[in-house]
Protein chains: 2
Amino acid sequence: MSKFTSRLDSATRTNRSLVCIGLDVDPALMPIADVRKFNRAIVDATKDLVCAYKPNIAFYEALGLEGLQALRDTVSYIRKVAPDVVLLCDAKRGDIDSTSIRYARAIFDFWDFDAVTVNGYMGGESLSPFFDYADRGVFVVCRSSNPGAQEFQDMMVLPDTTELGMDGQGQKMPLYEWMAVRSSEWNSNGNLGLVVGATSPDQLCTVRLRCPEVPILIPGVGAQGGELEMSVKNGIDRSADGSATPPRVLINSARGIIYADRSTGGFPDGARNAAGKLRDEINCVLEQEGAPW
Amino acid sequence: MSKFTSRLDSATRTNRSLVCIGLDVDPALMPIADVRKFNRAIVDATKDLVCAYKPNIAFYEALGLEGLQALRDTVSYIRKVAPDVVLLCDAKRGDIDSTSIRYARAIFDFWDFDAVTVNGYMGGESLSPFFDYADRGVFVVCRSSNPGAQEFQDMMVLPDTTELGMDGQGQKMPLYEWMAVRSSEWNSNGNLGLVVGATSPDQLCTVRLRCPEVPILIPGVGAQGGELEMSVKNGIDRSADGSATPPRVLINSARGIIYADRSTGGFPDGARNAAGKLRDEINCVLEQEGAPW
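Here the structure is a predicted model, which is why all the values come from computation and not from measurement.

(A) Highlighting the pairing of strand β3 (residues 86–93) of chain B. Residues and elements named next belong to chain B. Counting buried residues in β3 gives eight out of eight residues, a clear majority hidden from the surface. Taking every second residue as pointing to the same face, both faces of β3 are buried, with V86, L88, D90 and K92 on one and L87, C89, A91 and R93 on the other. Across two bridges, the pairing between strand β2 (residues 52–54) and β3 is parallel. Each bridged residue has a counterpart across the sheet, and for Y53 the counterpart in β3 is L87. Here β3 runs beside strand β4 (residues 115–118); their pairing, made up of three bridges, is parallel. When the sheet's bridge partners are listed, R93 is paired in β4 with V118. In this view, the connection linking β3 to its parallel neighbour β4 by way of helix α5 (residues 97–110) has right-handed handedness.

Right, here's the structure in full:
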């Protein structure tokens, strides 16, 4: 088990939570203008209810260098007040090797994130600079949560699966599934994660069967309308005897939590209530499925 | 023709050049430590020899907020001293719609780039916020220049091509080609560009046939060993009568130009000589192919 996976397991168990809060700051929705203060208040109100925080870096880049300064503050604040919580940077990075080296350096060395989301279109070789950070997590996008995800990700592809020792040659499968299969081959450091949207529970089931025990980030519950119950059920790993434990799954919600209450005085409590409700709903499904904490 | 394409045509014609210089700043290779001064000197020495500058934002992100401050300076300096040259941000961005809105805002509004490179794995719907900036260019990665590009991009896929009015159903083609075909469908504003590495001249030929007149960014000549002559030849668009004009192609070189001479006093002249040589080599091929300026 990699240091990252162990860190994630510890974070989920400590707070008995699979909730990941997306810190997607939007001046049009925030009840206060100061990004630093907003994030600090959200973190203070929720840090015992989550396993991870996931700032989507695009939302900070859109605010220019000031936005990135605020992200810097947010990261160091979380490190101080919630040192055990996982810090995941949603960045969907991916480029040729010599460029990926720089992205990895930025995300892991400069920003000091525990994990990052990446795009595998350029192949495993292009992502190796990320995986080389053996103590950090690398989440490869398999099936995204957007309405147009199927355009490429659900296309049938014709891999030559003989190299993997699987049955048959030229076995067809959707591209997202092949991405999961290939990703497992890049996992020599045990620090692989995958991204599968809550909007596609069937695809999540397929990916979990292909990649047992691999952490899966599941965005898209809440505002995007993803299926919470099926996401939790399909994310569960079952051992040979049918027993189950809370899965390596991060259920991400951003808008549904941080903008649950948009009043200046009430937003921290609003976020706390929404995060707690999501955690309880998830834990209820885990109980029903015989996988309690 | 979009404002971006017209701007690109004007830039290439003015300097009679298809050369794009990759401003990939690397402290380990730069003869002087100051990124601002280094870039200014490179720009001063080459601005009459190029059609575009392409900072790869990863190299600046790796240097933290100071690196991004230096990029800010570089962009505004280029706008001042070379207002007609195209400024392309190599960022390979791509995420769901609500996130792409933020990336587009960052690249086009905050950074004020003319164009950006993007990743289409999440589908055309996810990239629409970039294409909605009708006066900016959006370069979709089809076939990248890295050794592992073939892992997904050359896989045979089974699109249902009937919707495009093409011959046959379930016609097989490689994923990179399908990416080019689909990209053309997203081009209602005429601001599409494509990325095809110089390391794969056959794939470039295929993409050019699928997408006549679309600007193509060709990275990978020089340090990556790409084929210059074939890249230029295969990038040329021929009209029905066989006549040809200089193509909408940007031949990118980074290391081969900006680190051609690594001495403190000599690097600007070294870059100028390397850029001039590349421009001349390209123009020589254009002459031979009956497509002179």
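Anyway, onward from the coordinates.
(B) How the structure looks around the environment of B:V196. Residue and element names in this part refer to chain B. Checked against the element boundaries, V196 lands in strand β8 (residues 192–196). Along the primary structure V196 and Y176 are separated by 20 residues, whereas in three dimensions their C-alpha atoms are 9.1 Å apart. With residues up to four places along the chain from it excluded, the contact list for V196 reads C142, R143, Q203, L204, V207, I216, L217, I218 and P219.

(C) Up close: the relation of the copies chain B and chain A. Between chain B and chain A, the superposition needs a rotation of 180° and an axial shift of 0.0 Å, giving an RMSD of 0.0 Å. The two molecules are tied by a two-fold rotation axis, judged by turn and shift. Within chain B, B:V157 has its C-alpha nearest the rotation axis, a separation of 2.3 Å. When the interface residues of chain B are mapped onto chain A, 100% of them are again interface residues, pointing to one common binding face.

(D) Representation of the sheet that holds strand β9 (residues 216–218) of chain A. Judged by pairing direction, the barrel is parallel, and its eight strands sit side by side in the order β1-β2-β3-β4-β5-β8-β9-β10 (chain A) before closing back on the first. With direction set aside, neighbouring strand axes in the sheet form an average angle of 30°.

(E) Representation of the packing of helix α2 (residues 35–46) of chain A against helix α12 (residues 267–288) of chain A within the structure. All names here are of chain A. Contact pair α2 / α12: the axes reach a minimum separation of 8 Å and the direction vectors enclose 45°. In terms of orientation, α2 lies oblique with respect to α12. When the axes of α2 and α12 are compared, the crossing they make is right-handed. Contacts from F38, A41, I42, A45 and T46 of α2 reach α12 at F267, P268, A271, R272 and A275. Tallied by class, residues from the contact of α2 with α12 come to eight nonpolar, one polar and one charged.

(F) Layout of the side chain of A:T74. Examined against the element boundaries, A:T74 turns out to sit in helix α4 (residues 64–81). When neighbours within four sequence positions are excluded, A:T74 is seen to be in contact with A:L23 and A:N39.

Scoring rules and cut-offs
- Residues numbered from 1 in each chain as written.
- Chains lettered and ligands numbered in written order.
- Predicted model: local features only at pLDDT ≥ 70, side-chain atom pairs only at ≥ 80, totals over all residues.
- Heavy atoms only, no water.
- Buried < 20%, exposed > 50% of the residue type's maximum accessible area, 1.4 Å probe, protein only.
- Helix = DSSP H or I, 4+ residues; strand = E, 2+ residues; numbered from the N terminus.
- Pairing = 2+ DSSP bridges.
- Right-handed = clockwise from strand over helix to strand, strands pointing away.
- Contact = heavy atoms within 4.5 Å.
- Least-squares fit on C-alpha atoms with pLDDT ≥ 70 in both.
- Axes fitted to C-alpha atoms, helices over the stretch in contact; angles between N-to-C directions.
- Parallel < 35°, antiparallel > 145°, perpendicular 65-115°, else oblique.
- Left-handed = near helix turned anticlockwise from the far one by under 90°.
- Nonpolar A, V, L, I, M, F, W, Y, C, P; charged D, E, K, R; others polar.

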